[in-house]
Each structure stands twice: as C-alpha cells, then as structure tokens.
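# Structural characterization, general
As a plain string of letters, each chain reads:
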Amino acid sequence: MTRYAKILGTGSYLPENRVTNDDLSKTLDTSDEWIYSRTGIKARHLASVEQNTSDLAVIAAQRALETSGVTCDEIDLIVLATSTPDVIFPSTACIVQEKLGMNGFAAFDVQAVCAGFMYALVTANAYISSGLAKKALVIGADTFSHIMDWTDRSTCVLFGDGAGAVVLGQSDEPGIIHAKLAADGRYQHLLNTPGQVVHGEVVGRPFLQMNGQGVFKFAVKALAKIAEDVLNESGFKQEQIDWLVPHQANVRIIESTAKHLGLSMDKVIVTLDEQGNTSAASVPLALDFGVKSGQIKPGQHLMLEGIGGGFAWGAALVKY
Ligand code: UT7
C-alpha cells in the first residue's frame, strides 16, 4: 500500500525582542527607508545571547503538537533544519528531543541554510511514505543574530531569529503531493559563514557574508524554475495553487516567483515585514502564520519554496 505524508498541525515561535529598522539606525549607518524599500523588512525578532536555536525550536514544536492533537509519545522521528546549531554536536534535533522529554527514535539535523525546511520536509516525507516513521516533527529553527557581524549594515539588517514546525503523519491521500530539491556547490562563494573551530581556535571569519546582488539574481531564476518543475511534474496547473508560501528573504524575490507562477500577491503569504529573513525557520513560520490567520484552509493547495547558501533550494506542492 502506498503511504502518503500529510501536515497534521503547525506551530511557530518568535523571540520577544522585536527590533525595528529605526532601532537599528540608531547604531548603524542605515535607515528604515533604505531597508524597507530594498527588502520589504520593517522589523525582526532577535534571540538573547542565552537563547539557543533549540529553545526556539522546542516552543514551535510544542505548538505544532498542540495544534495537531498529536502527543509526544506518538512521535517517532525528528528532522530539524538549522545552520546555527546550539553546539558542534550533538545535533540540535537530539537536544530538542531531550527537552521535549522524548527518546529512543531517530532525531537528526539537516543543513541546507535557508532551504533547510524544504530539505527537512522532503526527508521526513520519504521516511513516512516508505513506512520508516509514522509521525514526525519537522522543524526549521535558526538564530542568525548569533552569526551576524552587527557592524556590517549590508547583512545584519536582513536577518531575524525564529522557529517553525509541522507535525507530519501518514495519510491515505497525498499531503506532500510532489517536491524537488536541488543544490549547486559552485555558488558557495555568494553566501557563506566560513569560520570553523580547529584545535580550540576559531579559524576563518565566523560571520555571515554575502554577495547580495549575486544571491538575488540566482534566487530569482532558481526559484522560478524549481516551482515550475514541481508544478509540471505533478500535473497541476498554476490556477490550482491557492497559496504561495515562500522563503522570506526579499519581497522583490517573492514578487518575482509569484509573477512567474501567475499568482497575484494576495495569494502569497508574506511575513518578512515583521520577521526579516529567519533562514530555515522562514517557510514554516510563514505556513503557521497563514494557517493561524485563517488565510490557509484545509484542503487548499500550497506551493512551498526556499533557497539559501550552498547553494541549496527546493519546492514542494502540498495539500494542506
Ligand atoms: O536567503 C537568501 C539570503 N539573501 C538574500 O536573498 C538577499 C538577496 N539580495 C538582496 O536582497 C539585495 O541584494 C540586498 C537587499 C541585500 C541589497 O540590495 P541592493 O539593491 O542589491 O543594494 P547593493 O548591495 O547594490 O547596495 C547599494 C548601496 C551601496 O552603497 P553604494 O556603494 O551604492 O554607495 C551599499 O553600501 O546601498 C548601501 N547599503 C546600505 N545603505 C543603507 C548596503 N546596505 C545598506 C544599509 N543601509 N543597510
């Protein structure tokens, strides 16, 4: 029997500390006008120094469990996407498992930067549809504020912290209808955080660095192509998509993907204005926002997509 995976519930969490563009312009040579007009961002939420990625992830996971009506002892898989893990190891997924009072089943991280949730969702979908797991927590969580150079106005104004989660369970009909992942390591120079720890010393620059225009151009093309591929390969038509739930990096990239899919902006979930780019958390945060705000309704078709450092990117057609 073919098994399918379906999203049973969503949850998310943003740290309390909300920082506006005007707040940033007090210590940085920037302005609300520059940030908003170039990106669509108005504010972002920042974790404290003590708040780790797992702290955010646990709350998002608890909220997703609550919404889905699934209990902790039913979960038999955690796939967590992050590129800001609490520590080098163990995985943040194992830390989250322990904090949720669970143990004994597979829990691991995937690292695909801003495409992380797409990679985690596709991985969990493969586990569930093959029968390897029955109910999974799929989490995207990042604390990019911890890897920002807060004197670099070209990067630090763009990112925020947060976590989003879904509970994925078995279903008789497709929930994850079709998905596709891609990567191209030749473009790693456009967006990276090249530091590492060797013999107890940090080697290389441990801050995010980016060629903004290079990322922009790559993202616009790659997202249009992969979303179109997912649609064509699934046999669906543009007009069957109810909502685009995109990675939230720049509203102009989002507008370009929407246009390519023939969707007007009132069919797009946008959270970027209040959250900035939360990397692996951005797609599940947008999904949860769409659901909780009553925009996304059961039975509707969603196109999820994300892209980030690697380069890595992906898209999924989902029946919610
Ligand atoms: O998840 C994927 C992650 N990243 C992205 O998707 C980012 C994609 N790229 C972008 O969103 C845009 O390229 C940015 C928003 C990052 C930058 O916008 P841009 O229109 O490409 O600006 P730019 O980098 O060409 O910079 C234009 C000017 C420069 O000054 P000069 O050289 O023209 O005098 C920058 O120094 O804007 C200056 N600038 C700023 N000014 C005020 C850069 N950052 C700021 C700032 N405030 N925060």
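Placed above this text is the structure.
Before going into details, it helps to say that this report is about the structure given with it. (Residues numbered from 1 in each chain as written. Predicted model: local features only at pLDDT ≥ 70, side-chain atom pairs only at ≥ 80, totals over all residues. Heavy atoms only, no water.)

What follows is about the nonpolar core. If you look at the biggest cluster of nonpolar residues, it comprises 45 residues, and the most contacted ones within it are Leu261, Met303, Ile307, Phe311 and Trp313. Put simply, the parts of the chain that give this core at least two residues each are helix H7 (212-234), helix H8 (251-260), strand S14 (301-308) and strand S15 (312-319). For this core, the leading source of residues is H7, giving 10 residues. The two domains that each donate at least three residues to this core are domain 1 (4-172) and domain 2 (177-319). Setting aside anything within four residues of it in sequence, one finds isoleucine 307 in contact with Cys114, Ala115, Phe218, Ala219, Ala222, Leu223, His247, Ala312 and Trp313. Formed by 36 residues, the second largest nonpolar core is a distinct cluster that contains Val79, Ala112, Leu168 and Val291. (Core = buried A, V, L, I, M, F, W, Y, C linked by side-chain atoms within 4.5 Å. Buried < 20%, exposed > 50% of the residue type's maximum accessible area, 1.4 Å probe, protein only. Helix = DSSP H or I, 4+ residues; strand = E, 2+ residues; numbered from the N terminus. Domains from an automatic or database assignment. Contact = heavy atoms within 4.5 Å.)

With that out of the way, let us pick up the layout of surface pockets. Taking a probe equal in size to a water molecule and rolling it over the atoms shows the remaining empty space. A volume near 810 Å³ is recorded for the largest pocket. If you trace the largest pocket, you find 30 residues lining it, with Ser83, Pro85, Ile147, Thr193 and Gly195 closest to the centre. Among the elements of the structure, strand S9 (191-192) and strand S10 (196-198) are those that each provide at least two residues to the lining of the largest pocket. Its residues placed into classes, the lining of the largest pocket shows 12 nonpolar, 16 polar and two charged. Built from parts of two domains, the lining of the largest pocket gets at least three residues from each of domain 1 (4-172) and domain 2 (177-319). Looking at the second largest pocket, its volume works out to about 640 Å³. Looking at which element gives the most residues to the lining of the second largest pocket, the answer is H7, with six residues. (1 Å grid on protein atoms, 1.4 Å probe; cavity = no way out; pocket = protein on both sides within 12 Å on 5 of 7 lines; lining within 4 Å. Points joined across faces, edges and corners; volume = space filled by probe spheres on them. Nonpolar A, V, L, I, M, F, W, Y, C, P; charged D, E, K, R; others polar.)

With that settled, consider the site of the ligand. Neighbouring the ligand are 22 residues, the closest being Thr30, Arg38, Gln213, His247 and Asn250. One of the side-chain N or O atoms of threonine 30 is found 2.7 Å from a nitrogen atom in the ligand. Relative to its free-state accessible area of 960 Å², the ligand is covered by the protein chains to the extent of 72%. With respect to the pocket detection grid, the ligand is positioned in the second largest pocket. (Near = heavy atom within 4 Å. Polar contact = N/O pair within 3.5 Å; in protein donor to acceptor, adjacent residues only side chain to side chain. Areas by Shrake-Rupley, 256 points an atom, 1.4 Å probe, with all protein chains shown as cover. Sits in = over half its atoms within 2 Å of the grid points.)

Turning next to unusual backbone geometry. For residues that are not glycine, phi is negative in most cases, and the peptide bond is trans in most cases. With omega at 5°, the peptide bond leading from phenylalanine 89 into proline 90 counts as cis. Of note, the amide linkage connecting glycine 310 to phenylalanine 311 takes the cis form, showing an omega dihedral of -10°. Backbone geometry at valine 113 places phi at a positive 50°, although glycine is not the residue there. Its location among the elements puts valine 113 in the loop between strand S5 (106-110) and helix H5 (116-129). For histidine 199, which is not glycine, the phi torsion reads 50° and is therefore positive. With respect to the helices and strands, the residue histidine 199 is situated in the loop between S10 and strand S11 (201-203).

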